[in-house]
Amino acid sequence: MKTIRSRALATLVFFAAAALFSGCLFGPDDKETPSTPPDVVYKPLTDKDNVIYNLVTSYNNANIDEYTKLIHDDYIWFNQAEDVVMHGAEEFVLRDEDLARTANLFAARKGTHPDAALHLAKLELELYPGSWTQITEIEGIPCEDCWTTTREYYLTLVFKNAEMTFVANDLVKFTVVPVSEICDG
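Read on for a plain summary of the structure.

Let us look at the packing of aromatic side chains. Under the counting rule described, the total for this entry stands at 5 aromatic pairs. Ring geometry for Tyr67 against Phe106: centres 6.0 Å apart, planes inclined by 75 degrees, an arrangement best described as edge-to-face. Taken as a pair, Tyr67 in helix H2 (residues 64-70) and Phe106 in helix H4 (residues 95-110) lie far apart in primary sequence, 39 residues in all. Looking at Tyr67, the relative accessible area reads 3%, which means it is buried. Ring centres of Phe78 and Phe92 lie 6.2 Å apart, and the angle between their planes is 55 degrees; on these two criteria the pair is classed as tilted. One end of the pair, Phe78, is in strand E3 (residues 76-78); the other, Phe92, is in strand E4 (residues 92-94), with 14 residues separating them in the sequence. Three or more aromatic residues link up through ring pairs in this structure, and these residues are Tyr59, Tyr67 and Phe106. Geometry around Tyr53 places Lys43 over its ring, the cationic atom sitting 4.3 Å from the centre. The ring of Trp147 has Lys48 lying over it, and the distance from NZ or CZ to the ring centre is 4.2 Å.

Right, dumping it as structure tokens:
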């Protein structure tokens, strides 16, 4: 089996990603069938650690609906400078592009990606514990009750039809801020 290790993908910033100490983030929609298996539990986004928990859970269950709830309109993924220079990666990716890429990754795990060669036997994200630091501003804009943490992660992809495993390991930075949304129902 061929294993590819990468220390890429570094700084993930969740601008306005979590509903810390507020009500619900999005109201329920009774018309949609939940894509979460009954034994999988997602925590309310009223605590910053629940953002991390829900991110890992959405990856490990390939649940794009739950992942999308974590990604605010101002979300930005920043690649490491070395990946930009050495590998030609873009400097950053905005929300819509991140969601499209993640949806493709999750489709590969579910076996629904149009390219069967990309189907995954395993998709697993691990984020290691870390401490949070309160911040008072983001890019010069005051931010009340905002927090940041840097965590080590391991992302493992095992391809079904190719004897290949991809493991990414590095540090990732999260920033969470309170989000208030009016709940329906």
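That was the structure; now back to the text.
In this sheet, strand E7 (residues 141-159) lies alongside strand E6 (residues 133-138) in antiparallel orientation, the contact comprising 5 bridges. Paired with Ile135 across the two strands is Cys146, which belongs to E7. Connecting E6 to the antiparallel partner E7 that follows it, the hairpin turn spans 2 residues, and Glu139 within it adopts a positive phi of roughly 50 degrees.

A few words on the nonpolar core. Counting 31 residues, the largest nonpolar core has Leu55, Tyr59, Tyr67, Leu123 and Leu127 as the members making the most contacts within it. Of all the secondary structure elements, the ones that give two or more residues to this core are helix H1 (48-60), H2, H4, strand E5 (120-127), E7 and strand E8 (164-176).

Below, the discussion takes up the pairing of E7. Of the pairings in the sheet, the one linking E5 to E7 comprises 7 bridges and is antiparallel in character. When the bridges of E7 are listed, Leu125 appears paired with Leu155. Here E7 runs beside E8; their pairing, made up of 12 bridges, is antiparallel. Each residue of the ladder has a partner; that of Tyr153, found in E8, is Asp170. Here E7 folds back onto E8, and the loop between the two strands holds 4 residues.

For the structure shown, the criterion picks out 7 salt bridges. With a closest N to O distance of 3.7 Å, Asp49 and Arg151 form a salt bridge. One end of the pair, Asp49, is in helix H1; the other, Arg151, is in strand E7, and 102 residues separate them in sequence. Owing to a relative accessible area of 4%, Arg151 belongs among the buried residues under this scheme. Across the salt bridge formed by Arg95 and Asp96, the nearest N and O atoms sit 3.7 Å from each other. Owing to a relative accessible area of 18%, Arg95 belongs among the buried residues under this scheme.

Time to look at the environment of Phe106. The class of Phe106 is buried, set by a relative accessible area of 2%. Remark: the alpha-carbon pair of Phe106 and Ile64, spanning 42 residues in sequence, is separated by 6.9 Å. Look past the residues within four positions of Phe106 in its chain and what remains in contact with it is Ser58, Tyr59, Ala62, Asn63, Ile64, Tyr67 and Leu123.

The rules behind each value
Residues numbered from 1 in each chain as written. Predicted model: local features only at pLDDT ≥ 70, side-chain atom pairs only at ≥ 80, totals over all residues. Heavy atoms only, no water. Phe/Tyr/Trp six-rings, centres within 6.5 Å; stacked < 30°, edge-to-face > 60°. Helix = DSSP H or I, 4+ residues; strand = E, 2+ residues; numbered from the N terminus. Buried < 20%, exposed > 50% of the residue type's maximum accessible area, 1.4 Å probe, protein only. Lys NZ or Arg CZ within 6 Å of the ring centre and 35° of its normal. Pairing = 2+ DSSP bridges. Core = buried A, V, L, I, M, F, W, Y, C linked by side-chain atoms within 4.5 Å. Salt bridge = Lys/Arg side-chain N within 4 Å of Asp/Glu carboxyl O. Contact = heavy atoms within 4.5 Å.

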